[in-house]
Amino acid sequence: MDIKLQKSELQRFENLHRYSTGYINLNPIQRGGVLTPEAREALIEFADGYSIYDLSPGLEVDEIPLVKEFISEHLSKFLGADIAKFTLGAREGIFNIMHSITKPGDTIIVDGNRHYTTITAAERAKLRVVEVPNSGKPEYRINVEDYEDLIKNHKPAMILLTYPDGSYGNLPDAKKLGEIAKEYQVPYLVNGAYSVGRMPISMEAIGADFIIGSGHKSMASSGPIGVLGMNKKWEKIVLRKSKRYPQKEVEFLGCELRGTAIATLMAAFPTVVERVEKWADEVEKARYFSRELERLGLKQLGEKPHNHDLMFFEAPVLYEISKRHKKGRFFLYKELKKRGIVGIKPGLTKNFKLSTYGLKKQELKVVVDAFKDVIEKYKTS
Ligand SMILES: *Cc1c(COP(=O)(O)O)cnc(C)c1O
């Protein structure tokens, strides 16, 4: 066959020693997805394709007793939902709900801080999207009361809230929106890609119909994998069965998740359950970090005081340096890497986001000192 790719070229994927490098990684999309030791073992154990079927030969993955019990007992309780499911990821879960409960041409209302995948999912489901604007600079808050007029005007088929959003890490009043949703009887989806698995969150307490999480973003799983919780009143619609295969769910093509990622998510779960209880420490560390960087002349945008580990910074002082530095806008990436720190997007200086999730206070001190060092080194030169 005329395929030129050699095994040797793939060696780029080998020996990266990703998790033993000793680098402090601030990348928001990676902090909550670091595997636990148990999940890492499960990953190897179930790395072969379809090997999860060895647990119970002949059954679909979500019928395997161990998996079935996990979903129906533990995962549903964790989400505060009547029914739980695995999905391919947060975005697919959002699409699954949109596709099941709306029809093409319907309008949905979402927050202005929504993730881009909310829009692509809506496009795929052929929906019209109306956005609730945020408050603009510097906090970019979503006032959930702004949904009310839009609900009256547009009669949406569903509403969605991103909790928190992936740009500023803002946590709007999800519970109040639950009351509004109830008053107008509009289905309500909470996108918890950055909350489920990091912080305590309950669909029931919020008063939502659906909650979405991302395993590889926030549940210490290798992925791709997402979780979906829902109120049982939606069971017949979302879990509707095939006409020809009465056991198989149409929306999930019979069985959507088929292996490795499930093993890692389940293996990590006991640790994840414990870690959400320590959320107050995470908020404390994030606030400490925000304060320290502001002392160096940076400005944290988004809610203040901040309530989440995902933070957006504006850094005029670094931007000024980048204009004079011989490495240009890549100087920050290079200077931080030299000091054992990665995870801020190469080329960004003027503003960037990062996460402090799961890092020790001592590690955050190293990061603060690195910023201080870089600024002092170049500020006046
Ligand atoms: C990362 C992210 C997603 C997408 O998550 P996947 O599980 O990779 O699909 C969706 N919404 C928000 C707010 C995110 O931050």
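All figures in this text were calculated on a predicted structure; none of them were measured in a lab. (Residues numbered from 1 in each chain as written. Predicted model: local features only at pLDDT ≥ 70, side-chain atom pairs only at ≥ 80, totals over all residues. Heavy atoms only, no water.)

Peer 1: Give me the lowdown on the packing of helix α3 (residues 65-79) against helix α11 (residues 260-276), citing residues and values where you can.
Peer 2: Interaxial distance between α3 and α11 falls to 12 Å at its minimum, and their mutual angle equals 30°. Compared by their axis directions, α3 and α11 come out roughly parallel. Like other packed secondary-structure pairs, α3 and α11 cross with a definite hand, here left-handed. Listed contacts from α11 to Leu 66, Val 67, Phe 70, His 74, Leu 75 and Phe 78 of α3 are Ile 262, Leu 265, Met 266, Phe 269, Val 272, Val 273 and Val 276. (Axes fitted to C-alpha atoms, helices over the stretch in contact; angles between N-to-C directions. Helix = DSSP H or I, 4+ residues; strand = E, 2+ residues; numbered from the N terminus. Parallel < 35°, antiparallel > 145°, perpendicular 65-115°, else oblique. Left-handed = near helix turned anticlockwise from the far one by under 90°. Contact = heavy atoms within 4.5 Å.)

Peer 1: Tell me what's going on with the environment of Glu 145, and back it up with residues and numbers.
Peer 2: Looking at where Glu 145 falls in the secondary structure, it is placed in the loop between β4 (128-132) and α6 (146-154). For the pair Glu 145 and Tyr 194, spaced 49 residues apart in the sequence, the C-alpha separation amounts to 22 Å. Once residues lying within four places of it in the same chain are set aside, the contact partners of Glu 145 are Lys 176 and Ile 180. Of the polar contacts made by the side chain of Glu 145, one reaches the side chain of Lys 176; its length is 3.0 Å. (Polar contact = N/O pair within 3.5 Å; in protein donor to acceptor, adjacent residues only side chain to side chain.)

Peer 1: Describe in detail the sheet that holds strand β5 (residues 158-162), supporting the description with residues and values.
Peer 2: Strands sit in the order β2-β8-β7-β6-β5-β3-β4 across an open sheet of seven strands; the sheet is mixed. The sheet is open, and its two borders are formed by β2 (83-87) and β4, each paired with just one other strand. This sheet shows a mean twist of 20° between the axes of neighbouring strands, independent of strand direction. Looking at chain direction, strand β7 (residues 210-214) and strand β8 (residues 226-230) are connected through five bridges and run antiparallel. (Pairing = 2+ DSSP bridges.)

Peer 1: Describe in detail the pattern of salt bridges, supporting the description with residues and values.
Peer 2: Taken as a whole and assessed by the stated rule, the structure comprises 23 salt bridges. Residue Lys 103 pairs with Asp 106 through a salt bridge whose shortest N-O separation is 3.4 Å. Assessed through its relative accessible area of 54%, Lys 103 is described here as exposed. On the basis of relative accessibility, which here comes to 16%, the residue Asp 106 falls in the buried class. Between Arg 141 and Glu 139 there is a salt bridge, with its nearest N and O atoms 3.3 Å apart. Judged by relative accessible area, Glu 139 falls into the partly exposed class, the value being 23%. (Salt bridge = Lys/Arg side-chain N within 4 Å of Asp/Glu carboxyl O. Buried < 20%, exposed > 50% of the residue type's maximum accessible area, 1.4 Å probe, protein only.)

Peer 1: For the packing of helix α14 (residues 331-338) against helix α15 (residues 361-378), give the residues involved together with the corresponding values.
Peer 2: It is the contact of α14 with α15, at a shortest axis distance of 10 Å, that shows an interaxial angle of 125°. Comparing their axes, α15 and α14 come out oblique. Between α14 and α15 lies a crossing whose hand is right-handed. Each of Phe 331, Leu 332, Glu 335, Leu 336 and Lys 338 in α14 lies in contact with α15, whose residues at this interface are Ala 370, Phe 371, Val 374, Lys 377 and Tyr 378. Residue composition of the contact of α14 with α15, by class: seven nonpolar, no polar and three charged. (Nonpolar A, V, L, I, M, F, W, Y, C, P; charged D, E, K, R; others polar.)

Peer 1: Break down the nonpolar core for me, with residues and values.
Peer 2: If you look at the biggest cluster of nonpolar residues, it comprises 61 residues, and the most contacted ones within it are Phe 86, Tyr 147 and Tyr 188. Considering each element in turn, this core owes the most residues, nine residues, to α11. Formed jointly, this core draws a minimum of three residues from each of two domains, domain 1 (24-32 + 277-378) and domain 2 (37-275). (Core = buried A, V, L, I, M, F, W, Y, C linked by side-chain atoms within 4.5 Å. Domains from an automatic or database assignment.)

Peer 1: Can you lay out α3 for me, pointing to particular residues and giving the numbers?
Peer 2: For α3, with 15 residues, the first-to-last C-alpha span of 20 Å sits near the 21 Å given by 1.5 Å per residue. At Ile 71, α3 is deflected by roughly 35°, the largest bend along its length. Buried within α3 are the following residues: Val 67, Phe 70, Ile 71, Leu 75, Ser 76, Phe 78 and Leu 79. Lining the buried residues of α3 we find β2, α8 (203-206), β7, β8 and α11. Residue Gly 80 follows α3 closely and has a positive phi angle near 65°. (Expected span 1.5 Å × (residues − 1). Bend = angle between axes of the 7 residues up to and from the residue.)

Peer 1: Explain the site of the ligand to me, using residue names and the numbers behind them.
Peer 2: Surrounding the ligand, one finds Gly 89, Ala 90, Arg 91, His 115, Thr 117, Thr 162, Asn 191, Ala 193, Tyr 194, Ser 214, His 216 and Lys 217. With respect to the ligand, the side chain of Arg 91 contributes an N or O atom lying 2.8 Å from an oxygen atom. Here Ser 214 contributes a side-chain N or O atom positioned 2.8 Å from an oxygen atom of the ligand. For the ligand, whose unbound accessible area comes to 390 Å², protein coverage reaches 94%. Residue assignment for the shell around the ligand shows that the elements contributing at least two residues are α4 (90-101) and α9 (215-218). For the shell around the ligand, the class distribution of residues is three nonpolar, seven polar and two charged. (Near = heavy atom within 4 Å. Areas by Shrake-Rupley, 256 points an atom, 1.4 Å probe, with all protein chains shown as cover.)

Peer 1: Kindly report on the pairing of β4, identifying the contributing residues and their values.
Peer 2: Here five bridges tie strand β3 (residues 107-111) to β4, and the two strands are oriented parallel to one another. For Thr 107, the partnering residue across the bridge sits in β4 and is Arg 128. At this point the chain moves from β3, through helix α5 (residues 116-124), to the parallel β4, and the crossover so formed is right-handed. (Right-handed = clockwise from strand over helix to strand, strands pointing away.)

Function-wise, these values are silent; they only describe arrangement.
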